[in-house]
Amino acid sequence: MWGGAMLSLKTVGRRFEVTLKVIEGGTGQVTGVLIETDQTQAPSYVFVPPRRIFRVNTPTVLQLGMVLQSPHGMRYLIGANGPSEQPEGVLWQSYRLYQVTQQVEWKRRTKVKHPVTNEYTDGPMQSLGFIWAVIEPTDREELDRRAHLSAEKARVLTGREILADDLLVGENTYEVIRSDKVLGLRVGFL
């Protein structure tokens, strides 16, 4: 007991809370503790922004794949990290935050059926709108053993269901080689 009130783990971090605005995947604001990462977390040859952790009280309206904006204009994509495990129960939920690098136009190839041959051929590209994305270099070279060329040039993280053969058009144009679901996000290799 201190000052007549019992301290609680649930309220100890309130003085460190920040409010982030939801800009994709919902509306409103969410308050939580933004935890900086250890600067020695990644080796010096990995050129990606540091990952942060965002801890919020439960229950929360946050969902994986949302994009949040800080008061200083930084944008973050939300990935899974997990709940707390305390003797008092689950006190908070934490999320991994990936710094968004750009907004890109998401395009998908279409197929059209030829009226005479009934064969499907490539049709026009279909725009699926603009999405926030984390585009970063891969941390290792993926070599094509036969051609001795690097096939994967970059990696993309997004909250949208990107698929192989989709195009992402922003500062550069990238073709998605493959796409996997990891930590509640889509991870594509470009």
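For the structure given in this document, a descriptive report is provided here. Just so we're clear, the structure is a prediction, and the values are computed from it rather than from any experiment.

## Topic: the overall build of the chain
The helix and strand inventory of the chain stands at 0 helices and 17 strands. Within the chain, the fraction of its 190 residues that count as buried is 34%. Intrachain contacts of the chain at a sequence separation of at least 6 include 51% that bridge at least 24 residues. Of the roughly 12000 Å² of accessible surface on the chain, a fraction of 53% belongs to carbon and sulfur atoms.

## Section: the packing of aromatic side chains
Counted by the stated rule, this structure contains 0 aromatic pairs. Against the face of tryptophan 92 rests arginine 55, its NZ or CZ located 4.5 Å from the ring centre.

## So, unusual backbone geometry
The linkage connecting threonine 58 with the following residue, proline 59, adopts the cis geometry, with an omega of -5°. Position of proline 59 among the secondary structure elements: in the loop between strand E3 (52-57) and strand E4 (67-69). A positive phi angle, close to 60°, is found at asparagine 118, a residue other than glycine. If you trace the backbone, asparagine 118 turns up in the loop between strand E8 (111-113) and strand E9 (120-122).

## Some words on the side chain of glutamate 136
As for its position among the elements, glutamate 136 is in strand E10 (residues 126-137). A distance of 2.8 Å separates a polar atom in the side chain of glutamate 136 from a polar atom in the side chain of arginine 51.

## Side note on the pairing of strand E6 (residues 92-99)
For a regular strand, side-chain orientation follows a simple rule: the groups alternate between the two sheet faces. In terms of residue burial, E6 counts as a mostly covered element, since 6 of its 8 residues are buried. For E3 and E6, the ladder comprises 6 bridges, and the chain directions are antiparallel. Across the sheet, the residue bridging to phenylalanine 54 is tyrosine 95, located in E6. In this sheet, E6 lies alongside strand E5 (residues 75-83) in antiparallel orientation, the contact comprising 7 bridges. When the sheet's bridge partners are listed, isoleucine 78 is paired in E6 with leucine 97.

## Considerations on the environment of arginine 109
Position of arginine 109 relative to the elements: it lies in the loop between strand E7 (102-108) and E8. Judged by relative accessible area, which is 38%, arginine 109 ranks as partly exposed. Between the alpha carbons of arginine 109 and methionine 125 there is a distance of 4.9 Å; along the sequence they are 16 residues apart. What arginine 109 contacts, discounting residues up to four positions off in sequence, is Met125, Asp165, Leu167 and Glu175. Polar contacts involving the side chain of arginine 109 include one to the main-chain carbonyl oxygen of aspartate 165, which spans 3.3 Å.

## Focus on the pattern of salt bridges
Summed over all chains, the structure comprises 8 salt bridges. Measuring nitrogen to oxygen at the nearest pair gives 3.3 Å for the salt bridge that ties glutamate 161 to lysine 181. Here the residue glutamate 161 occupies a position in the loop between strand E13 (154-158) and strand E14 (167-169), and lysine 181 occupies one in strand E16 (residues 178-182), the gap between them amounting to 20 residues. Ionic pairing is found between arginine 186 and glutamate 161, a salt bridge with its closest N-O pair at 3.6 Å. Of this pair, arginine 186 sits in strand E17 (residues 185-189) while glutamate 161 sits in the loop between E13 and E14, and the two are 25 residues apart along the sequence. We classify arginine 186 as buried; its relative accessible area is 11%. When its relative accessible area of 41% is taken as the criterion, glutamate 161 is described as partly exposed. Linked through salt bridges whose partners overlap, the residues forming this network are Arg51, Glu136 and Arg155.

Cut-off values and rules
- Residues numbered from 1 in each chain as written.
- Predicted model: local features only at pLDDT ≥ 70, side-chain atom pairs only at ≥ 80, totals over all residues.
- Heavy atoms only, no water.
- Helix = DSSP H or I, 4+ residues; strand = E, 2+ residues; numbered from the N terminus.
- Buried < 20%, exposed > 50% of the residue type's maximum accessible area, 1.4 Å probe, protein only.
- Contact = heavy atoms within 4.5 Å.
- Areas by Shrake-Rupley, 256 points an atom, 1.4 Å probe, with all protein chains shown as cover.
- Phe/Tyr/Trp six-rings, centres within 6.5 Å; stacked < 30°, edge-to-face > 60°.
- Lys NZ or Arg CZ within 6 Å of the ring centre and 35° of its normal.
- Polar contact = N/O pair within 3.5 Å; in protein donor to acceptor, adjacent residues only side chain to side chain.
- Pairing = 2+ DSSP bridges.
- Salt bridge = Lys/Arg side-chain N within 4 Å of Asp/Glu carboxyl O.

Treat this as a map of the structure, not an account of what it does.
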